[in-house]
Structures are given as C-alpha cells and as structure tokens.
Amino acid sequence: MSKAALLEAWGGHLRDGRRRSPHTVRAYVAAADRLLSATGLDDWTSLAALDGPALRRQLALRRAEGLANASAARELSALKGFVAFARSQMGDDASPPRLRGPRLKKGLPRPVTPDDAVNLADLVAGSAAEEWIGSRDRAVLLLMYGAGLRIAEALSLKGKDMPLGETLTVTGKGSKQRVVPLLPIVRDGVADYAAKSPWPLDADAPLFRGARGGPLGQGMVQKAMARARIALGLPATATPHALRHSFATHLLGAGADLRSLQELLGHASLGSTQIYTKVDAATLLDTYRKAHPRSD
C-alpha cells in the first residue's frame, strides 16, 4: 500500500469519521507523513505494531528540531491516533500505544471587555469592502461572544438553521451536541447578514459564504478582527477565540455556575471549564462588597 493511500485513509477518517476541523486534519496528516518518512513503513500491519518507544523516538526527532511542549503534545496525540487507526484497520484492539506526553500548563483566557467585544463586532461591520461582508463577519463574532460558539461551530451553520430561534443546537468537538440560548442581538445580527447576503440560503449549503460563494474560511474572520483590533488599539490577544473566552469569563463573573458553563461551552470535562475561575480582582472585590453583610 502506498504512503499516499495510507495518508488518504487517515485523513478521511479524521475528516468524515471524527469530524475534525480542516486545520486539525492537516496537522494530524502531516504528523503521520513524517512518521512514515522516518520509519519507511508502508502498510497497516507494520504501523499497528509500533509501540510507545517507537513513538518516543519519533517525538525525540521532532523535539530536536525545536518543537515546543504544546506542539510536541499535539504531535504525540496525532501519532498515537494514527497507530490506533492502523490497529483498527487490522481488526485489532484500537487502543493507542501507552506513552505520556509533555506536561502542559493551561493558559488563562484573556477576555476583552463587554464594550470592546461589541465595538470589535461593529467596527468589523463598518470597515468591510462590501456591506454584506461586514454584516457576515459581525454575525460570526456575535455568535462567538453572545453564544460562546467556537469559530468552527459558527461557520458550520447551514441555511436550514435559519431563521434562528431562541436556542440553537450546535454540534461541537467529538460530534457532541449541545443547546445554546441566543440573545436577540445575536439573532438580529445573523438575520441581518442573511437578508443582505447575495447567495441563496440553500438548506444544506453553508450559511456563511466567502466573497465568491464558497464556505467562509476561518482565516477571513481572523483577518477582519485583526484589522478591527488594531484600529481600536487592542492587544494581539484579542482574537476571535478570545470572544469565546470573554463569553465564559463574563458569565462566570456574573454568577454563572461551572456546571451550567460547562454545558454552554460544550466541554467534555469540568476541568476544561475551571480555567475560567480566575476572575479579575476588580470583579471579585465588587462582588464581595455587594454580598458581604458588613460592607456598608
């Protein structure tokens, strides 16, 4: 079996079977490609026989190239998944080789303020080359800040999802579905884009379209927000994903409980949600002053 055929099968499994994002598919296929090139293997049987030490050697080669901990952890995850897939192709136990990856510190989210979030969305709308494109980018950002969607989740919406109601069923990572409430400003923003879009709202076609009518790519939204961020004088951390961080942080600061927040964000484990528990000192002090019986 050729290397190209192995990689095509792996990429198809990630894309169609696991519903991974295009970015993840590219990264995981590239990691598998490097493994095949380094080992010279070209069949599922040999790949299925790879063990922890073999993957550790491959990871050591990558670390020698200057791979940081976060990238090394991602590489290892891709390699373990590839070997597990090879084992499943052979009808064997599809569990991956046992190998512990590098320790990672979970980065704290860097939220923007509520005013900055709205200003970013409005500035994106006003600075686009065409009015419908500005409305489109604003609608995507509102879905991220107002509903806590990942950018890939927002861009996965179809024409059949319109018109949006008070809640939206979202398919997130691992094909896990969740229901998120939609604020009027979010529904109105998406409806405004749909009304201005020159492309028909076909049921199975992407809701958010690029300038030529194809599916809107994440990079276009990121570039639009980068321009707005610079215009507002915000730091480089004010990315589209920071709006999802802001959604979570602001809800938690307003008194939302972790379990509810976990459901809204679509986190598989509560540990992923606990990263948002570090609220800023000003919010904490304000809450203390309002709640403590002797604060007068």
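Below or above, wherever it landed, is the structure these notes cover.

Analysis parameters
Residues numbered from 1 in each chain as written. Predicted model: local features only at pLDDT ≥ 70, side-chain atom pairs only at ≥ 80, totals over all residues. Heavy atoms only, no water. Buried < 20%, exposed > 50% of the residue type's maximum accessible area, 1.4 Å probe, protein only. Helix = DSSP H or I, 4+ residues; strand = E, 2+ residues; numbered from the N terminus. Pairing = 2+ DSSP bridges. Polar contact = N/O pair within 3.5 Å; in protein donor to acceptor, adjacent residues only side chain to side chain. Contact = heavy atoms within 4.5 Å. Salt bridge = Lys/Arg side-chain N within 4 Å of Asp/Glu carboxyl O.

## Observations concerning the pairing of strand 2 (residues 177–181)
Part 1 of the argument: Here strand 2 shows one buried face, formed by Arg-178 and Val-180, and one open face, formed by Gln-177, Val-179 and Pro-181.
Part 2 of the argument: Summarising the sheet, strand 1 (residues 167–171) and strand 2 pair through five bridges and their orientation is antiparallel. Looking at the pairing, Val-170 lines up with Arg-178 of strand 2.
Part 3 of the argument: Counting the residues in the hairpin turn of strand 1 and strand 2 gives five residues, including Gly-174, whose phi is positive at 65 degrees.

## Some thoughts on the side chain of Glu-75
Part 1 of the argument: Mapping Glu-75 onto the fold places it in helix 5 (residues 69–89).
Part 2 of the argument: Given the relative accessible area of 5%, Glu-75 is considered buried.
Part 3 of the argument: A polar atom in the side chain of Glu-75 sits 2.8 Å from the side chain of Arg-34.
Part 4 of the argument: Apart from residues no more than four positions distant in its own chain, Glu-75 is found in contact with Ala-31, Arg-34, Leu-59, Arg-62 and Leu-67.

## So, the pattern of salt bridges
Part 1 of the argument: Within the structure shown, the criterion is met by 13 salt bridges.
Part 2 of the argument: The shortest N-O distance in the salt bridge between Asp-33 and Lys-3 comes to 2.9 Å. Of this pair, Asp-33 sits in helix 2 (residues 22–39) while Lys-3 sits in helix 1 (residues 3–17); the two residues are 30 residues apart in sequence, bridging distant segments of the chain.
Part 3 of the argument: What makes Asp-33 partly exposed here is its relative accessible area of 27%.
Part 4 of the argument: Note on Lys-3: relative accessible area 34%, which makes it partly exposed.
Part 5 of the argument: Across the pair Arg-15 and Asp-16 runs a salt bridge, and its minimum N-O distance is 3.7 Å.
Part 6 of the argument: The partly exposed category is assigned to Arg-15, whose relative accessible area is 41%.
Part 7 of the argument: Within the structure, one salt-bridge network assembled from shared partners comprises Arg-34, Arg-62, Glu-65 and Glu-75.

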